Amino acid sequence: MAGRRPLVLIVEDEPDMLLLLRLTLEEEGFDTCLAADGATALRRVDEDRPDVVLLDLMLPVLDGWGVLAELRARRRAPPVVVCSALDGAAERRRAAELGAATYVTKPFEVGRLLRALREVLPGRGAAPEAAGRSRLGLGGAAPA
């Protein structure tokens, strides 16, 4: 990964959140590719070979649970950071059992999300440093 920015596949069906995540991560030193449903996410994993997947659980076509199960069945899959409004212990446990590296609950602070992404990146020493704001609450809507 040395010499290039880490690639994050953002899997989110809410258009405003998808845009906000993309802009924030790119500003913080990541490259991004996008998917708005689980089936597209699996295709993007195959085509783009992201370094990490940022995965919402409540998705159309194939939900995040199905994506996690499919990625777990593969020999080589990128680490997954679940980012979901589902905040119960049962959901966290299920995500971990299906192979999620970590779990971030919405709404969240950007700093928490960035730490989670950097912690799971292969060769963590090559992870980008925060370039700008270190605190921004991300909820369900894009800033005005």
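Please refer to the structure higher up on the page.
A. Up close: the layout of surface pockets. The calculated volume of the largest pocket comes to roughly 220 Å³. Around the largest pocket, the lining residues are Val-45, Asp-46, Arg-49, Pro-50, Asp-51, Arg-74, Arg-76, Ala-77, Pro-78, Pro-79 and Pro-122.

B. Geometry of the sheet that holds strand 4 (residues 80–84). Taken in spatial order, the 5 strands of this open sheet run 2-1-3-4-5, and their pairing is parallel. Single-partner strands in this sheet number two, and they are strand 2 (31–35) and strand 5 (102–105). Strand-to-strand twist across the sheet, computed as the mean angle between neighbouring axes with direction ignored, equals 20 degrees.

C. Representation of the nonpolar core in the model. With 22 residues, the main nonpolar core has Leu-9, Val-11, Leu-55, Leu-68 and Val-82 as its most contacted residues. For this core, the secondary structure elements donating two or more residues are strand 1 (7–11), strand 2, helix 2 (38–48), strand 3 (52–55), helix 3 (64–73) and strand 4. For this core, the leading source of residues is helix 3, giving 4 residues. Aside from chain neighbours lying at most four places away, what touches Leu-68 is Leu-55, Leu-57, Val-80, Val-82, Ala-95, Leu-98 and Ala-100. Core analysis: the next-biggest nonpolar cluster, separate from the first, contains 20 residues, Val-8, Phe-30, Phe-108 and Leu-114 among them.

Cut-offs and rules
- Residues numbered from 1 in each chain as written.
- Predicted model: local features only at pLDDT ≥ 70, side-chain atom pairs only at ≥ 80, totals over all residues.
- Heavy atoms only, no water.
- 1 Å grid on protein atoms, 1.4 Å probe; cavity = no way out; pocket = protein on both sides within 12 Å on 5 of 7 lines; lining within 4 Å.
- Points joined across faces, edges and corners; volume = space filled by probe spheres on them.
- Pairing = 2+ DSSP bridges.
- Helix = DSSP H or I, 4+ residues; strand = E, 2+ residues; numbered from the N terminus.
- Axes fitted to C-alpha atoms, helices over the stretch in contact; angles between N-to-C directions.
- Core = buried A, V, L, I, M, F, W, Y, C linked by side-chain atoms within 4.5 Å.
- Buried < 20%, exposed > 50% of the residue type's maximum accessible area, 1.4 Å probe, protein only.
- Contact = heavy atoms within 4.5 Å.

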